[in-house]
Amino acid sequence: MSTPPIPELTTRARDVFRLVVDAYLETGQPVGSRTLSKLAALNLSPASIRNVMQDLEEFGLLASPHTSAGRLPTEQGLRLFVDGMMQVAEPSAEDRAQIEASLSEGGPIESALAHATAALSGLSACAGLVLVPKHERVLKQLAFVPLSAAQALVVLVAGDGAVENRVIDIPPGLNPSALIEAGNYISATLSGLTLDEAMVRVRREIEAERIAIDRAAQDLVSRGLAVWSSDGSDRPVLIVRGQANLLDDSAVGDLDRVRQLLDELETKQDIAQLLDSAREGSATRIFIGSENKLFSLSGSSVIAAPYRGGDGRVVGVVGVIGPTRLNYARIVPMVDFTAQSLSKLIR
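The structure presented is a predicted model; accordingly, all values stated were derived computationally and were not measured.

A. Molecular detail of the pairing of strand β4 (residues 139-146). Of the pairings in the sheet, the one linking β4 to strand β5 (residues 151-158) comprises seven bridges and is antiparallel in character. Each residue of the ladder has a partner; that of L139, found in β5, is A158.

B. Structural context of the pattern of salt bridges. Under the defined criterion, the tally for this structure stands at seven salt bridges. Notably, a salt bridge pairs D95 with R330, separated by 3.3 Å at the nearest N-O pair. Here D95 is found in helix α5 (residues 93-102), whereas its partner R330 is found in helix α12 (residues 328-346), with 235 residues between them in sequence. The class for R330 is partly exposed, based on a relative accessible area of 35%. Of the charged contacts, one joins R279 and D276 as a salt bridge, the two residues approaching to 2.2 Å between their closest N and O atoms.

C. The sheet that holds strand β3 (residues 127-131), seen in detail. Taken in spatial order, the five strands line up as β7-β3-β10-β9-β8 in an open sheet, and their pairing is antiparallel. At either end of the open sheet lies a strand with only one pairing partner, and these are β7 (238-241) and β8 (285-288). Each strand axis lies, on average, 20° off the axis of its neighbour in the sheet, ignoring direction. Sheet topology places β3 next to β7; four bridges connect them, and they run antiparallel. Following the sheet pairing, V130 is matched in β7 by I239. Here helix α10 (residues 255-266) sits on the sheet in contact with β3, β7, β9 (300-308) and β10 (314-323), set at roughly 160° to β10. Most of the contacts of α12 go to β9, to which it runs at about 25°, and overall it touches β8, β9 and β10.

D. Molecular detail of the environment of A178. As for its placement among the helices and strands, A178 is situated in helix α7 (residues 176-189). For the pair A178 and A216, spaced 38 residues apart in sequence, the C-alpha to C-alpha distance is 6.3 Å. In this structure, A178 is in contact with A216, A217 and L220, ignoring residues within four places of it in sequence.

E. Broad picture of the sheet that holds β4. Spatial ordering of the open sheet is given by β4-β5-β6, a layout of three strands whose pairing is antiparallel. Edge positions in the sheet fall to β4 and β6 (163-169), since each of these pairs with one other strand and no more. Neighbour-to-neighbour, the strand axes of this sheet turn through a mean angle of 20°, independent of strand direction. Packed onto the sheet, α7 meets β4 and β5 and runs at close to 175° relative to β4.

What counts as what
- Within each chain, residue numbers correspond to sequence positions counted from 1 in written order.
- Where totals are concerned, whole chains, interfaces and linings use all residues; where local detail is concerned, this predicted model gives features only for residues with pLDDT of at least 70, and gives and counts side-chain atom pairs only at 80 or more.
- In computing side-chain properties, one takes all heavy atoms of the structure into account and sets aside hydrogens as well as water.
- Two strands form a pair only when DSSP identifies at least two bridges running between them.
- Secondary structure elements follow DSSP: runs of H or I no shorter than four residues count as helices, runs of E no shorter than two count as strands, and numbering proceeds from the N terminus.
- Here, a salt bridge means any Lys or Arg side-chain nitrogen found within 4 Å of an Asp or Glu carboxyl oxygen.
- The rule is simple: take the accessible area with a 1.4 Å probe, protein chains only, and divide by the maximum for that residue type; under 20% is buried, over 50% is exposed, in between is partly exposed.
- Note on geometry: axes are lines fitted to C-alpha atoms, helical ones only across the stretch in contact, with angles between N-to-C directions running from 0 to 180 degrees.
- By definition, residues are in contact when any of their heavy atoms lie within 4.5 Å.

Structure, rendered in structure tokens:
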């Protein structure tokens, strides 16, 4: 059943629905009609409230875990609340101060990102997540060292002095001179370029038949650059802080879900890919429960916002992960403020 637009809900239904969601997000427990009837804001009898809650359940916005229990919002109901009814305020001065303090400790950017993630985790009582900006390696030197008749070691020296090695397959019987020729070409012609820039230039030179090395060496150049290009793009770096926050007192009755979530956090590649999808938007994104197949078992929610580098391009994503009963109204602006602060730091 599709979620009804907010205008199709009566004022009474909206009021009851909002109070159910607010109470659930605060306690994590189903909310009963008798509890709501005691709130001065409604001025409705328990019987009237039960009728409204029944209507909301038929709309798919509320659900009852047990026959005699109260009701709680469904994932569909939480989405309606988050997208159309939630009132978001600015982060408190105290929250802003803690986030800014975490970014003022100095050190490399990775340390600042880890500190910011830990602060966000503590303030939200969730696990904090951040995708580290992908590092654009600048070529200084590259060499091919034969290992066997079918393999060679590629040694990359980056502009910052870092040295990395990869093993690649080479055609059997390849003349060793081709290895030397390929390394000399890259070091002499492509030094000072990023890997992506080097790949583009090599393709252009080959297409224009202007590359001054033989075909075997051309193939080695392409392979040697590609092994780093694909490796860097396929492995975004994810920092996770505050997993212990997911094991609070409210998790005792839902240990299977929490255990599943912790297992999902161990598979960082999947979480990283989810966060990476938040790069596409300019604002904070909210993923609720089984809307994403990754959380179909744990029923978790992620709030994530992109942060930008000096040129205005998105370079990473920061956010939190926790149960669906997050305090969205407080955490959304907190994540957004952290992303803005990281953008200012990186610039």
